[in-house]
Amino acid sequence: MTTPSRERYDLIVVGLGPGGEELAERMAEAGWSVLGIDSRLVGGECPYFGCIPSKMVIRGAAVLGESARVNILPAGTAQTAPDYRPVGKRIRDEATDNWDDRAAVERFEGLGGTFVRGLGRLAGRADDGSVRVEVEGTAYHAPHVAVAVGTAPAIPPIEGLADLRGEGGPDSPVWTNRDILQAKEAPASMVVLGGGSIGVELAQGFARYGTRVTVVEAADRMISVEEPRASEVLAEVFRREGIDLHIGVGATAVAAGGDGVELTLANGGLVTGQKLLVAVGRRSNLADVALDTVGLDPGARTLDVDDQMRVVGVSGLYGIGDITGRGAFTHVSIWQARVLIAHLLGKPNLFGGYHGLAWTSFTDPEVGRVGLSESQARDRGISVRTGYSTIAGSTRGWIHGPGNDGFVLLVEDADRGVLVGATVMSPYGGEILGALTVAVHGEVPTTTLATMHYVYPTLHRAILDAVRDLDA
């Protein structure tokens, strides 16, 4: 790590998660003097605790899930002996370098950037009007400062939870997504508090490695941001796979006991597990940034940014990633970074709006969505038509057999004749979603979608069935 020998830079990036790292590296590569600051691992949540390690868990779990279908397809006979230890080792050795970011730091510095390990905080303006940033009492300044500090796992104020968790880590009885992905072995049993994307992915994944899993969700359904049909299908799949569900009931207390942790439910029930995975959402890290020094609300959870990622009302300050409130996804953060890079370098505008924002929950089946849900579209006063088809009703879905749960649901603005949203729940649903993301982002007329060639027999041909259903 280079010791800074200067105070002024062309650009300071506070937070080197996926978006901040992309911004810092590309601007250093372009010849700008760039100071990157982070108190944690360079690269952020995604490569060390999020997308990459969790998908290694899910990849192995998917193979185990398919092997369990050999005897019922029919395709012969098979026996499996799930073992999480090779997956834990792969995460440690291949994905995270044992949670060492040396390679990422060296890559940035090799491009000409300067890195400082520490908590970066805004500190008003320098004499020349540029934005000041302090790290451990040392001040730096630049005409351009980007805040990309991201989010952290939220720990809800449930009685006994914080005390039982302690300092956290894989040896703690209470895990977040960061702790569970550092575990070397799967627990015998686990309670998952929260039925959002992170919770359901890890619940199903570890259940397939032999963990007895219980999911507790206070809302009336899991993955509640998705279409209700997706929640219903996922609940059916989970129950079929032996996952115990407590939906529509919250937790009131946590204590040591039972297999390891006891969770008292609001209805008086009690569930236990060797581990408790808390997956109730994320909290913004903006409280660490001292926003008040540049005239912003120090309690803000998000930064209001324009279509070039400039913080509204504060010259020279930019925001990217989770803290913009546009979706806590790696692809959003990197996309925003590239929009900002183009702006700073005077290149053509890359901003394309958020109407075609897409994401996927990597359960089996995967749940992918782009744009608006049906209820969101109706709430906006859009004249809605929907088209629906089941995956099992398509030829390839029928051939697929066990594991073919799911559907395609299209949400059309009937007045304009274009899709404003779509959901795909299917094996490889996130891949199938690509075609619909193009349709929503590009506002492709649904009449055009009806005239396309859809390869037969493929899972994505279920899109055509849903398009035809729009006019049924």
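Quick note: structure is the one above.
Residues numbered from 1 in each chain as written. Predicted model: local features only at pLDDT ≥ 70, side-chain atom pairs only at ≥ 80, totals over all residues. Heavy atoms only, no water.

Draft legend 1. Expanded view of the overall build of the chain. Helix and strand content of the chain: 15 helices and 23 strands. Radius of gyration (C-alpha) of the chain: 24 Å, near the 23 Å computed for a compact globule of 472 residues. Principal axes of the C-alpha set define a box for the chain whose edges measure 70 × 60 × 40 Å. Here the analysis covers contacts within the chain between residues at least 6 apart in sequence; of these, 62% occur between residues at least 24 apart. Taken as a whole, the chain presents about 20400 Å² of accessible surface, with 49% of it coming from carbon and sulfur. In the chain, 42 positive and 58 negative side-chain charges are present, and the distance between their average locations comes to 3 Å. (Helix = DSSP H or I, 4+ residues; strand = E, 2+ residues; numbered from the N terminus. Rg over C-alpha atoms; globule rule 2.2 N^0.38 Å. Contact = heavy atoms within 4.5 Å. Areas by Shrake-Rupley, 256 points an atom, 1.4 Å probe, with all protein chains shown as cover. Lys, Arg positive; Asp, Glu negative; His and termini not counted. Charge placed at Lys NZ, Arg CZ, Asp CG, Glu CD.)

Draft legend 2. How the structure looks around the nonpolar core. Grouped together as the largest cluster of nonpolar side chains are 90 residues, with contacts concentrated most on Ile-12 and Leu-23. If you tally residues by element for this core, the top one is helix α9 (residues 228–240), at six residues. Beyond its immediate sequence surroundings of up to four residues, Ile-12 is in contact with Leu-35, Ile-37, Val-133, Tyr-140, His-141, Ala-142, His-144, Val-145 and Ala-146. (Core = buried A, V, L, I, M, F, W, Y, C linked by side-chain atoms within 4.5 Å. Buried < 20%, exposed > 50% of the residue type's maximum accessible area, 1.4 Å probe, protein only.)

Draft legend 3. Quick peek at the pattern of salt bridges. All chains considered together, the criterion is met by 30 salt bridges. Between Glu-22 and Arg-338 there is a salt bridge whose closest N-O contact spans 3.3 Å. Linking Glu-22 in helix α1 (residues 18–29) with Arg-338 in helix α10 (residues 330–344), this pair joins segments that are 316 residues apart in sequence. According to the relative accessible area criterion, Arg-338 is partly exposed, its value standing at 45%. (Salt bridge = Lys/Arg side-chain N within 4 Å of Asp/Glu carboxyl O.)

Draft legend 4. Local environment of the layout of surface pockets. If you add up the space inside the second largest pocket, you get close to 470 Å³. Lining the second largest pocket we find 21 residues, and of these Ile-58, Ala-62, Asp-364, Glu-366 and Tyr-428 sit closest to its centre. Breaking the lining of the second largest pocket down by element, the ones donating at least two residues are α3 (51–67) and α8 (197–208). Each residue belonging to the lining of the second largest pocket can be placed in one class, and the counts come to eight nonpolar, four polar and nine charged. (1 Å grid on protein atoms, 1.4 Å probe; cavity = no way out; pocket = protein on both sides within 12 Å on 5 of 7 lines; lining within 4 Å. Points joined across faces, edges and corners; volume = space filled by probe spheres on them. Nonpolar A, V, L, I, M, F, W, Y, C, P; charged D, E, K, R; others polar.)

Draft legend 5. Looking closely at the environment of Leu-345. With respect to the helices and strands, the residue Leu-345 is situated in the loop between α10 and β19 (358–361). Owing to a relative accessible area of 28%, Leu-345 belongs among the partly exposed residues under this scheme. With 318 residues separating them in the primary sequence, Leu-345 and Met-27 have C-alpha atoms 8.4 Å apart. Other than its neighbours up to four places away in sequence, Leu-345 contacts Met-27, Ala-30 and Trp-32.

Draft legend 6. Structural context of the pairing of strand β16 (residues 275–278). Side-chain alternation along β16 places Lys-275 and Leu-277 on one buried face and Leu-276 and Val-278 on a second face that is also buried. In this structure, strand β9 (residues 174–175) lies alongside β16, joined through two bridges in parallel fashion. Across the sheet, the residue bridging to Val-174 is Leu-276, located in β16. (Pairing = 2+ DSSP bridges.)

Draft legend 7. Fine view of the packing of aromatic side chains. What the rule picks out here adds up to eight aromatic pairs. Residues Trp-335 and Tyr-354 carry aromatic rings whose centres are separated by 5.3 Å and whose planes lie at 65 degrees to one another, so their mutual orientation is edge-to-face. Linking Trp-335 in helix α10 with Tyr-354 in the loop between α10 and β19, this pair joins segments that are 19 residues apart in sequence. Pairwise contacts between aromatic rings join Tyr-84, Phe-206 and Tyr-209 into one cluster. The side chain of Arg-6 reaches across the aromatic face of Tyr-9, ending 5.0 Å from its centre. Over the ring of Phe-49 we find Arg-178; its NZ or CZ atom is 5.8 Å from the centre of that ring. (Phe/Tyr/Trp six-rings, centres within 6.5 Å; stacked < 30°, edge-to-face > 60°. Lys NZ or Arg CZ within 6 Å of the ring centre and 35° of its normal.)

Draft legend 8. Inspection of the sheet that holds strand β13 (residues 251–257) at higher detail. Pairing is antiparallel in the open sheet, where three strands are placed in the order β13-β14-β15. Each edge of the open sheet carries a strand with a single partner, namely β13 and β15 (270–273). Pairwise comparison of adjacent strand axes, ignoring direction, gives a mean angle of 20 degrees for this sheet. Both strand β14 (residues 260–265) and β15 contribute to a ladder of four bridges, which runs antiparallel. If you follow Glu-262 over to β15, its bridge partner there is Thr-272. (Axes fitted to C-alpha atoms, helices over the stretch in contact; angles between N-to-C directions.)

Draft legend 9. Broad picture of the side chain of Asn-285. Mapped onto the elements, Asn-285 comes out in the loop between β17 (282–284) and β18 (317–319). A distance of 3.0 Å separates a polar atom in the side chain of Asn-285 from the backbone oxygen of Val-149. Polar contacts involving the side chain of Asn-285 include one to the side chain of Arg-283, which spans 3.2 Å. Filtering out sequence-adjacent residues up to four positions away, Asn-285 remains in contact with Val-149, Gly-150, Thr-151 and Ala-152. (Polar contact = N/O pair within 3.5 Å; in protein donor to acceptor, adjacent residues only side chain to side chain.)

Draft legend 10. Region of interest: the sheet that holds β16. Taken in spatial order, the five strands line up as β9-β16-β10-β11-β12 in an open sheet, and their pairing is parallel. Across the chains shown, the open sheet's two edge strands, defined by having one partner strand only, are β9 and β12 (244–247). In the sheet, strand β10 (residues 189–193) pairs with β16 via four bridges, with the strands oriented parallel. Its bridge partner lying in β16, Leu-193 is registered against Val-278.

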